[in-house]
Amino acid sequence: MKKKIALFLTGALFCGAECLAQKALKDIPLKDAFAKDFNVGVAVAQSIISRNETESIKLICEQFNAVSPESVLKPEYIHPTPDRWNFQPGDAYCKFAADHGLKALGHTLMWHNQTPDFFWLNADGSVKSQEQIKANLVEYIEKTVTHFAGKVYAWDVVNEVVSEEGGYRNDKGWEKYYKDLDELVCLAFSTAQRCDPNAELYYNEYNMWRQSKVDGVVHIVKMLKEKGIRIDGVGIQAHWGLNYPSVKDIETTIDRLYDLGVKVMITELDIDMLPFSKEGQMTGKAMYDPALQREEFMRYLNPYAQGVPEEVEQQIADRYEEIMRTIYNKRDKISRVTFWGLHDGVSWKNDYPIPNRTNYPLLFDRKLQKKKAYYQVVNIPSKKK
Ligand code: XIL
């Protein structure tokens, strides 16, 4: 009995201490916490706008000062078939941003994903001529950038064309079907610049902590500058995990990009904590094999379907703090940090790289409540370290 009471008292004391520690952390909106340092953005899912989800909208306005369109400004939305152009969802996104005083990014013009095959292939599956492929890109950029001129302040002009080794990739889309990627990248940037001279123009890429990949991005920036074509910034996507990348790699990448004389942004931050994908970024559909959906695999791959234990929640928070502190320490070189999704429930990481998992990659939970990670992040500037 005595033992039980002692145990109870220790528990109560512990909880008390922890609640106090939690209280000691200030609750200050992300955009205010980092007001002196960089803009703080969020990727907005189409449903939030089209269904007018008021709670989500309230949270976006309270916490962020910039938005990215999660999908509606991608080619499969804007130009889904050869004879169809649809700017409506993109216009709704721009209106949403303007109504709420949020900086609206355009994302993305030249990308191998979420771009219909007809950009490169004929209806019979044969590859289009090089001239035709090039003309398709130019037409797409001309129409799209002209339409959104004055509505978006910047474009991710080219997305993910560099391979892990540092050359151009050659497995999909533009990179697979067009022979001269240097030429195509230059054309994408110069066309965007011509159609909206006031928009900032960015290159955006994932796995940017890998220095061989940064080599490829450095090549692109230098090439554009040498040719007198404007590039204003590079986006580091930051789909990162609990166990990768190292702080040192992140720092090296930020320094290398900044030294090129362009803006450096963290454009798609989320932290994957689930088995396997917390170790490194899996890409493509390799893990979409239905066999992995069987119980014996999902038990291992999807362990937190019913919620995360306290210590795991703490691990995510500590990792977020580590990453955001690294970025904060480099704040003089960073112009924006954007989270890829508003809350855990709408994150693409629930279905990628493995479908049907319950992931916890963001600062707000499925009920839109602030997580431990949120408190630890917004308190970074006031915490001396
Ligand atoms: C993702 C979206 O979040 C998903 O909803 C969509 O199904 C696929 O694309 N790199 C990018 C983003 O540049 O556009 C991607 O967004 C994530 C990887």
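So, how was this worked out
Residues numbered from 1 in each chain as written. Predicted model: local features only at pLDDT ≥ 70, side-chain atom pairs only at ≥ 80, totals over all residues. Heavy atoms only, no water. Helix = DSSP H or I, 4+ residues; strand = E, 2+ residues; numbered from the N terminus. Rg over C-alpha atoms; globule rule 2.2 N^0.38 Å. Buried < 20%, exposed > 50% of the residue type's maximum accessible area, 1.4 Å probe, protein only. Near = heavy atom within 4 Å. Polar contact = N/O pair within 3.5 Å; in protein donor to acceptor, adjacent residues only side chain to side chain. Areas by Shrake-Rupley, 256 points an atom, 1.4 Å probe, with all protein chains shown as cover. Nonpolar A, V, L, I, M, F, W, Y, C, P; charged D, E, K, R; others polar. Phe/Tyr/Trp six-rings, centres within 6.5 Å; stacked < 30°, edge-to-face > 60°. Lys NZ or Arg CZ within 6 Å of the ring centre and 35° of its normal. Core = buried A, V, L, I, M, F, W, Y, C linked by side-chain atoms within 4.5 Å. Contact = heavy atoms within 4.5 Å. Salt bridge = Lys/Arg side-chain N within 4 Å of Asp/Glu carboxyl O. Expected span 1.5 Å × (residues − 1). Pairing = 2+ DSSP bridges. Axes fitted to C-alpha atoms, helices over the stretch in contact; angles between N-to-C directions. Parallel < 35°, antiparallel > 145°, perpendicular 65-115°, else oblique. Left-handed = near helix turned anticlockwise from the far one by under 90°. Disulfide = S-S within 2.5 Å.

A few words on the overall build of the chain. Each helix and strand in the chain was counted, giving 14 helices and nine strands. For a compact globule of 385 residues, the expected C-alpha radius of gyration is about 21 Å, and the chain comes in at 22 Å, within 12% of that figure. Once the C-alpha set of the chain is aligned to its principal axes, its extents read approximately 85 × 50 × 40 Å. Relative to its 385 residues, the chain shows a buried fraction of 53%.

Attention now goes to the site of the ligand. Close to the ligand lie E70, K74, H107, W111, Q114, N159, E160, Q237, H239, E268, W340 and W348, which account for all nearby residues. One of the side-chain N or O atoms of Q114 is found 3.2 Å from an oxygen atom in the ligand. In this structure, an oxygen atom belonging to the ligand sits 3.0 Å away from a side-chain N or O atom of N159. Here the ligand has 410 Å² of accessible area as a free molecule, and 78% of this is covered by the chains. Broken down by class, the residue content of the shell around the ligand amounts to three nonpolar, five polar and four charged.

Our focus in this paragraph is the packing of aromatic side chains. All told, the structure shown has 18 aromatic pairs when counted by the stated rule. When the centroid spacing of 5.4 Å and the interplanar angle of 85° are considered together, the rings of Y374 and Y375 count as edge-to-face. Neither Y374 nor Y375 differs from the other in exposure class; each is buried. Over the ring of Y153 we find K103; its NZ or CZ atom is 4.5 Å from the centre of that ring. The lysine or arginine in question, K213, covers the ring of Y206, its NZ or CZ lying 3.5 Å from the ring centre.

If you look at the biggest cluster of nonpolar residues, it comprises 114 residues, and the most contacted ones within it are Y320 and M324. Beyond its immediate stretch of four places on either side in the chain, M324 contacts F34, F38, L269, V337, F339, V377 and I380. L292, M298, L301 and I354 belong to the second largest nonpolar core, which has five residues in total.

So, on to the pattern of salt bridges. Counted by the stated rule, this structure contains 25 salt bridges. Of the charged contacts in the structure, one is a salt bridge between K151 and D91, with a shortest N-O distance of 3.4 Å. One end of the pair, K151, is in the loop between α7 (130-148) and β4 (154-159); the other, D91, is in helix α6 (residues 88-99), and 60 residues separate them in sequence. Using a relative accessible area of 38% as the deciding quantity, one classes K151 as partly exposed.

Across its 16 residues, helix α10 (residues 211-226) extends 22 Å between first and last C-alpha, which sits within 8% of the 22 Å expected from 1.5 Å per residue. Listed as buried for α10 are K213, V214, G216, V217, V218, I220, V221, M223 and L224. One or two positions beyond α10, positive phi appears at G228, with a value near 75°.

With that settled, consider unusual backbone geometry. Following Y244, the chain continues into P245 via a peptide bond in cis, with omega recorded as -10°. The phi torsion at Q114 lies on the positive side, around 50°, for a residue other than glycine. The backbone of F276 sits at a positive phi, close to 75°, despite the residue not being glycine.

A regular strand places its side chains on the two faces of the sheet in alternate fashion. The two faces of strand β2 (residues 66-69) match: A66 and S68 on one face and V67 and P69 on the other face are all buried. As paired strands, β2 and strand β3 (residues 103-110) are joined by two bridges and run parallel to one another. Opposite A66, over in β3, you have K103 as the bridge partner.

Take the packing of helix α11 (residues 247-258) against helix α13 (residues 310-329) next. Close contact between α11 and α13 brings their axes to 10 Å; oriented N to C, the two are set at 25°. When the axes of α11 and α13 are compared, the pair comes out roughly parallel. Crossing geometry of α11 relative to α13 is assigned as right-handed. Residues V247, I250 and E251 of α11 pack against E322, I323 and T326 of α13. A per-class count over the contact of α11 with α13 returns three nonpolar, one polar and two charged.

Attention shifts here to the state of the cysteines. Considering all chains together, one arrives at zero disulfides under this definition. The thiol sulfur of C61 is not disulfide-bonded, and the nearest other cysteine sulfur, from C94, lies at 15 Å. We classify C61 as partly exposed; its relative accessible area is 24%. Not engaged in a disulfide, the cysteine C195 finds its nearest cysteine sulfur in C94; these two sulfurs lie 16 Å apart. On the accessibility criterion, C195 (16% relative accessible area) is buried.

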